[in-house]
Amino acid sequence: NDVDQASNAVVAHTPSPSEKVFNCHGLVVGYVQSGKTSNYIAVASKMADLEYRLIIVLSGIHNGLRRQTQERLQQLLQHKNSEGWHTLTSLDHDFQVPGGTDIEAYLSPNSQQRTLAVIKKNSTVLDRFFNWMDTTKGRDALKTTKVLIIDDEGDQASVETETINPKIRRMLSLMPKHTYIAYTATP
């Protein structure tokens, strides 16, 4: 009940998904070991129910945290509804361009599937992801796609850095319908 209520409070602060264009940025602050990950997994699930098609989790700067986050998201989202989710990343692999598949294949408004990517805040990986999205077909698909970006450990590498912050901002510029939520215990 606590996770349900707390995640409802976060979702309630996001824009109506029926708006033609929106870019919402927010911050969730919680104590260390207070359930922030459970909260953002619940938020991601609820936003997927609101027809957000692309869920991106920026998971810190270390492979171990990225893997742990991937595992929890797969366990609590994908494995509970395997037909409803497609993942662009796996336990052992950060984002790699899917062979021969453009982004628009994952963002079809006719599909009931949601796409999940757990991406480390690493310059090379963020560039690879951006370049995969930044095509004519990708930009067209993103015009109508609601995107949720969860920035786990939002205080780490995302804010006021010369490398990662501009890449996150550049990524958001491709998404006219996005909600960006940073989570941290140390704002």
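The rules behind these values
- Residues numbered from 1 in each chain as written.
- Predicted model: local features only at pLDDT ≥ 70, side-chain atom pairs only at ≥ 80, totals over all residues.
- Heavy atoms only, no water.
- Helix = DSSP H or I, 4+ residues; strand = E, 2+ residues; numbered from the N terminus.
- Rg over C-alpha atoms; globule rule 2.2 N^0.38 Å.
- Buried < 20%, exposed > 50% of the residue type's maximum accessible area, 1.4 Å probe, protein only.
- Areas by Shrake-Rupley, 256 points an atom, 1.4 Å probe, with all protein chains shown as cover.
- Lys, Arg positive; Asp, Glu negative; His and termini not counted.
- Charge placed at Lys NZ, Arg CZ, Asp CG, Glu CD.
- Pairing = 2+ DSSP bridges.
- Right-handed = clockwise from strand over helix to strand, strands pointing away.
- Core = buried A, V, L, I, M, F, W, Y, C linked by side-chain atoms within 4.5 Å.
- Contact = heavy atoms within 4.5 Å.

Sorry, what's going on with the overall build of the chain here?
Secondary structure summary: the chain contains 6 helices and 6 strands in total. For the chain, the succession of helices and strands along the chain, N to C, is α-β-α-β-α-β-β-α-α-β-α-β. In summary, the chain has a C-alpha radius of gyration of 15 Å against a globular reference of 16 Å for 187 residues, a match within 12%. Across its three principal directions, the C-alpha atoms of the chain cover 40 × 35 × 30 Å. Of all 187 residues assigned to the chain, the portion counted as buried reaches 49%. For the chain, the accessible surface area stands at approximately 9,400 Å², while carbon and sulfur atoms represent 47% of it. Separation of charge centres in the chain, based on 20 positive and 20 negative side chains, amounts to 3 Å.

Looking at this structure, how should I read the pairing of strand 5 (residues 146-152)?
Remark: a regular strand shows side chains that alternate across the two faces of the sheet. The buried count for strand 5 comes to 7 of 7 residues, which makes it a mostly enclosed element. Examined bridge by bridge, strand 2 (residues 52-59) and strand 5 share 7 bridges and lie parallel to one another. Across the sheet, L58 pairs through a bridge with D151, a residue of strand 5. Alignment of strand 5 against strand 6 (residues 177-184), held across 5 bridges, turns out to be parallel. Bridge assignment links L148 to a residue of strand 6, and that residue is T179. In this fold, the crossover linking strand 5 to strand 6 by way of helix 6 (residues 164-173) has right-handed handedness.

Is there a simple way to explain the nonpolar core in this structure?
Looking at soluble globular proteins, one finds that nonpolar side chains tend to be buried together. Core analysis: the largest hydrophobic core is formed by 29 residues, its most contacted members being I56, I119, F129, M133 and M175. The biggest single contributor to this core is helix 4 (residues 123-133), with 6 residues. What F129 contacts, discounting residues up to four positions off in sequence, is I56, L88, F95, A117, I119 and M171. Core analysis: the next-biggest nonpolar cluster, separate from the first, contains 22 residues, V11, W85, L116 and Y183 among them.

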